[in-house]
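The lines below spell out each chain.
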Amino acid sequence: MENARLLDERLRKIILEVSSHTGREIKKNLLQDVDAGVNKAVQKNLQQETVRILALLKSAIDKL
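What you see is a predicted model; the values in this text were computed from it and never measured.

The next thing to look at is the overall build of the chain. Counting its secondary structure elements, the chain contains one helix and zero strands. Taking 64 residues into account, the globule formula puts the C-alpha radius of gyration at 11 Å, and the chain, at 28 Å, lies well above it. Based on the C-alpha atoms only, the size of the chain along its principal axes is roughly 95 × 5 × 5 Å. Surface summary for the chain: the accessible area is close to 6,300 Å², and the carbon and sulfur share equals 64%. Positive and negative side-chain charges in the chain, numbering 12 and 9 respectively, have mean positions lying 6 Å apart.

Right, dumping it as structure tokens:
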């Protein structure tokens, strides 16, 4: 009976460690995905704003 209890405790510790490690990995992956998504959105917006500014500059030069 004592061996079963010790085995149960060891299994609980192993499961807790694996769950904790897996949770950290999932969080890390999610943060990387969010970071990549934000960077992509910022780059897209930057490109659009650059095109808009260049178009405005061209329009102003054409008026001169």
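This paragraph deals with the pattern of salt bridges. Summed over the entire model, instances satisfying the criterion amount to five salt bridges. Here Glu2 and Arg5 are joined by a salt bridge, their closest N and O atoms 2.5 Å apart. Within this pair, Glu2 and its partner Arg5 are both found in helix α1 (residues 2-63), separated by three residues, close to a single helical turn. By relative accessible area, Arg5 is classed as partly exposed at 40%. Salt bridges sharing common partners tie together Glu2, Arg5 and Glu9.

A word on a nonpolar patch on the surface. On the surface, Leu7, Leu11, Ile14, Ile15 and Val18 cluster together into a nonpolar patch covering about 470 Å² of accessible area. With respect to the helices and strands, the residue Leu11 is situated in helix α1.

You can see Lys28 is positioned in helix α1. A residue is classified by how much of its surface remains accessible, and Lys28, at 45% relative accessible area, is partly exposed. Taking the C-alpha atoms as reference, Lys28 lies 31 Å from Glu49; in sequence the two are 21 residues apart.

Reading the values: rules and limits
- Residues numbered from 1 in each chain as written.
- Predicted model: local features only at pLDDT ≥ 70, side-chain atom pairs only at ≥ 80, totals over all residues.
- Heavy atoms only, no water.
- Helix = DSSP H or I, 4+ residues; strand = E, 2+ residues; numbered from the N terminus.
- Rg over C-alpha atoms; globule rule 2.2 N^0.38 Å.
- Areas by Shrake-Rupley, 256 points an atom, 1.4 Å probe, with all protein chains shown as cover.
- Lys, Arg positive; Asp, Glu negative; His and termini not counted.
- Charge placed at Lys NZ, Arg CZ, Asp CG, Glu CD.
- Salt bridge = Lys/Arg side-chain N within 4 Å of Asp/Glu carboxyl O.
- Buried < 20%, exposed > 50% of the residue type's maximum accessible area, 1.4 Å probe, protein only.
- Patch = residues over 30% accessible without salt bridge, like charges linked within 9 Å, V, L, I, M, F, W, Y side chains within 5 Å.

Keep in mind these numbers describe shape, not what the thing actually does.
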